Amino acid sequence: METESALYQLMGVRMNGVMNGITNSDGQYQEIIRKSDEYSGRLEELELPEEVRLLIDRYVSEQNALGSRYGMLAYLLGFSDCREMLLEKRLFTEPPQMS
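In what follows, the accompanying structure is described.

Reading the values: rules and limits
- Residues numbered from 1 in each chain as written.
- Predicted model: local features only at pLDDT ≥ 70, side-chain atom pairs only at ≥ 80, totals over all residues.
- Heavy atoms only, no water.
- Helix = DSSP H or I, 4+ residues; strand = E, 2+ residues; numbered from the N terminus.
- Buried < 20%, exposed > 50% of the residue type's maximum accessible area, 1.4 Å probe, protein only.
- Areas by Shrake-Rupley, 256 points an atom, 1.4 Å probe, with all protein chains shown as cover.
- Contact = heavy atoms within 4.5 Å.
- 1 Å grid on protein atoms, 1.4 Å probe; cavity = no way out; pocket = protein on both sides within 12 Å on 5 of 7 lines; lining within 4 Å.
- Points joined across faces, edges and corners; volume = space filled by probe spheres on them.

## So, the overall build of the protein
Of regular secondary structure, the protein possesses three helices and zero strands. A burial count over the protein gives 7% of its 99 residues as buried. Accessible surface, the protein: about 8,900 Å² in total, of which carbon and sulfur atoms supply 58%.

## Considering the side chain of Thr23
Structurally, Thr23 is set in helix 1 (residues 6-25). Discounting chain neighbours no more than four positions away, the residues touching Thr23 are Tyr29 and Gln30.

## Considering the layout of surface pockets
The calculated volume of the largest pocket comes to roughly 560 Å³. Counting residues per element, the ones that place at least two in the lining of the largest pocket are helix 2 (27-45) and helix 3 (50-93). Ranked by residue count, the leading element in the lining of the largest pocket is helix 2, at nine residues.

Put into structure tokens, the structure is as follows:
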């Protein structure tokens, strides 16, 4: 999908603007943050060697990026599906052609 398309631009506006408010008020999202902070603290208490901490950090960062990209693609797919359904519906509202 073209990254300069209107759909990508709309996604950027919605994800960077509206999503912050939604995530701040979503209980499940906040619970995930709380658990993540708890695990982060437990990892720090282990006092792991720097090499191990960097490896864990890079792994977790890539997993986050993977989940984020998946969510973005799912958003785009859902929006594209809606667009197609609306276009299809518009086609069905036109009077049939007489032969």
